[in-house]
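# Working through the structure, step by step
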Amino acid sequence: MHELSYATSILDTILNTVKEQEKDGKKVKKVSEINLEVGKLTFINIEQLKFAFEVIAEGTICENAKINVKFIKPLAVCRDCGYVGDIKAEDEFEIYCPKCNSMNLKFKGGKEFNIKNIVVEFED
Ligand SMILES: [Zn+2]
């Protein structure tokens, strides 16, 4: 289950980021929200990701943090007419260029996995 390795990387990144911020003398009480950007082509199961994160975040400042996910769609690039943009996918396996109906497409992006930002609560 590769969701666990994604969860571990989120936790590591956040804990390091928070440590950096705390150098200014502020102490982070907890991380309340985590905003992620996830490309659709990563095929990450978000429910499994949340579950894995919940388990490994227990006892850290990220315990009970709410995870919000914004999905990023890949861009289609038509090899026949040069169209770049969204495509109408009737279903995942029948995809074609909206301009020339070619199925000779490749995809750009959609494999992003970014922590966009986090919401923290500081200690008084
Ligand atoms: Zn085309």
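For the structure itself, consult the block above.
What comes next concerns the included structure. All chains use their own residue numbering, which begins from 1 and follows the written sequence. Reporting of local features is limited, given that this is a predicted model, to residues whose pLDDT is at least 70; pairs of side-chain atoms are given and counted only at 80 or more, and all residues count toward the totals for whole chains, interfaces and linings. Based on all heavy atoms of the structure, the side-chain values leave hydrogens and waters out of the count.

### With respect to the packing of aromatic side chains
Only Phe, Tyr and Trp rings are paired, with Trp represented by its six-membered ring, and only when their centres lie within 6.5 Å; those with planes under 30 degrees apart are stacked, over 60 edge-to-face, the remainder tilted. One pass over the full model with this rule turns up one aromatic pair. Ring plane angle 50 degrees and centroid distance 4.4 Å describe the contact between Tyr6 and Phe113, whose orientation is recorded as tilted. Of this pair, Tyr6 sits in helix H1 (residues 3-21) while Phe113 sits in strand S8 (residues 113-122), and the two are 107 residues apart along the sequence. The class for Tyr6 is partly exposed, based on a relative accessible area of 22%. It is Lys26 that lies over the ring of Phe122; its NZ or CZ is 4.8 Å from the centre. Charges are assigned to positions over rings by a cutoff of 6 Å between ring centre and Lys NZ or Arg CZ, combined with an angular limit of 35 degrees from the ring normal. We note Lys40 situated over the ring of Phe71; from NZ or CZ to the ring centre the distance is 5.8 Å. Each helix is a run of DSSP H or I of at least 4 residues and each strand a run of E of at least 2, with the numbering of both proceeding from the N terminus. Each residue gets one of three labels from its accessible area relative to the maximum for its type: buried under 20%, exposed over 50%, partly exposed in between, using a 1.4 Å probe on protein chains only.

### Some details on the coordination of the zinc ion
Only N, O and S atoms count as donors, using a 2.8 Å cut-off from the metal and 3.2 Å for Na, K and Ca, and because water is excluded some sites may appear unfinished. Donor atoms from the polypeptide that bind the zinc ion are Cys78 (SG), Cys81 (SG), Cys97 (SG) and Cys100 (SG), placed at 2.3 to 2.4 Å. Donor angles set the geometry label: tetrahedral for four donors if every angle is between 85 and 135 degrees, square planar for four and octahedral for six if opposite donors exceed 155 degrees and the others are between 65 and 115, irregular for anything else. Around the zinc ion sit four donor atoms, and with donor-metal-donor angles ranging over 104 to 112 degrees the site reads as tetrahedral. All donors of the zinc ion belong to a single chain; written as a sequence motif, their spacing is C-x2-C-x15-C-x2-C. On the accessibility criterion, Cys78 (3% relative accessible area) is buried.

### Side note on the environment of Val18
Along the chain, Val18 falls in helix H1. Sequence separation between Val18 and Lys30 is twelve residues, and the spatial gap between their C-alpha atoms is 9.7 Å. Excluding residues within four positions of it along the chain, Val18 makes contact with Val28, Val31, Ile61 and Ile118. We call two residues contacting when some pair of their heavy atoms lies within 4.5 Å.

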